[in-house]
Amino acid sequence: MRECRFERLKVGGGSLIDNDEAKHRATIERYLAEGWHYAGWVPLTFTGHGGVKEIDLIFEKEADG
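Just so it is clear, the structure is predicted and the values come from calculations on it, not from any experiment. Counting starts from 1 at the beginning of each chain's written sequence and moves along it residue by residue. In keeping with the model being predicted, local features are shown solely for residues with a pLDDT of at least 70 and side-chain atom pairs are shown and tallied solely at 80 or more, while totals for entire chains, interfaces and linings include all residues. No hydrogens and no water enter the side-chain calculation; it runs on all heavy atoms of the structure.

**Structural notes on the overall build of the chain**
- Looking only at helices and strands, the chain features one helix and three strands.
- Strands are runs of DSSP state E lasting at least two residues, helices are runs of H or I lasting at least four, and both sets are numbered from the N terminus onward. Order of helices (α) and strands (β) in the chain, N terminus to C terminus: β-α-β-β.
- For every residue, the accessible area (1.4 Å probe, protein chains only) is compared with the maximum for its type, and the residue is labelled buried under 20%, exposed over 50%, or partly exposed between those bounds. Considering the chain as a whole, with its 65 residues, one finds that 23% of them fall into the buried category.
- The contact rule is simple, with two residues in contact once any of their heavy atoms fall within 4.5 Å. The long-range fraction of contacts in the chain, counting pairs at least 24 apart against all pairs at least 6 apart in sequence, stands at 58%.

Below is the structure:
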C-alpha cells in the first residue's frame, strides 16, 4: 500500500516571470531525502486572470508495516 503527502505552496499567479520565491525545489529535495517520490502537482487557487496562485505538491512512498 502507498502513502501520500501533500505540500501546499504559494507560487504567485500575478505577473511573476521567475518563480524562485515559491521554494518548490527545496521542498521537493527535502521530501526526496526523506524517501518520498515526487508524484506531481495540482493547482488549487487561481487569480482572476487564470494564473495559478497556490499548488499542492504530491509525494508518495510505500507505507510502513
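**Details of the environment of Glu7**
- Tracing the backbone shows Glu7 in strand β1 (residues 2-10).
- A relative accessible area of 22% places Glu7 in the partly exposed class.
- When the C-alpha positions of Glu7 and Asp56 are compared, they lie 5.3 Å apart, and in sequence the two are 49 residues distant.
- In this structure, Glu7 is in contact with Thr27, Arg30, Tyr31, Ile55, Asp56, Leu57 and Phe59, ignoring residues within four places of it in sequence.

**Re the sheet that holds strand β2 (residues 37-46)**
- Any two strands with at least two DSSP-identified bridges between them are counted as paired. The strand order across the open sheet built from three strands is β1-β3-β2, with neighbouring strands paired in antiparallel fashion. A strand with exactly one partner marks an edge of an open sheet, and here the two such strands are β1 and β2. Here the average twist between neighbouring strands, direction ignored, is 25°. Angles shown run from 0 to 180 degrees and are taken between the N-to-C directions of axes, each axis being a line fitted to C-alpha atoms and, for helices, limited to the stretch in contact.

**Quick look at the packing of aromatic side chains**
- Each Phe, Tyr or Trp ring, with Trp reduced to its six-membered ring, pairs with another whose centre is within 6.5 Å; inter-plane angles below 30 degrees give stacked pairs, above 60 give edge-to-face pairs, and intermediate values give tilted ones. Scanning the entire structure with this criterion turns up three aromatic pairs.
- Measuring from centroid to centroid gives 4.0 Å for Tyr31 and Phe59, while their planes differ by 5°, and the two rings are stacked. Of the two residues, Tyr31 is situated in helix α1 (residues 24-33) and Phe59 in strand β3 (residues 52-62); the sequence distance between them amounts to 28 residues.
- The class for Tyr31 is buried, based on a relative accessible area of 4%.
- Residue classification places Phe59 among the buried positions, given a relative accessible area of 0%.
- Judged by centre distance (5.9 Å) and plane angle (65°), the rings of Tyr38 and Phe59 are edge-to-face. Residue Tyr38 is found in strand β2, and its partner Phe59 is found in strand β3; the two are separated by 21 residues along the sequence.
- Members of the aromatic cluster, joined through ring pairs, are Tyr31, Trp36, Tyr38 and Phe59.

**Some points on the environment of Val42**
- Checked against the element boundaries, Val42 lands in strand β2.
- For the pair Val42 and Phe6, spaced 36 residues apart in sequence, the C-alpha to C-alpha distance is 9.6 Å.
- In contact with Val42, not counting residues within four places along its chain, are Glu54, Ile55, Asp56 and Ile58.

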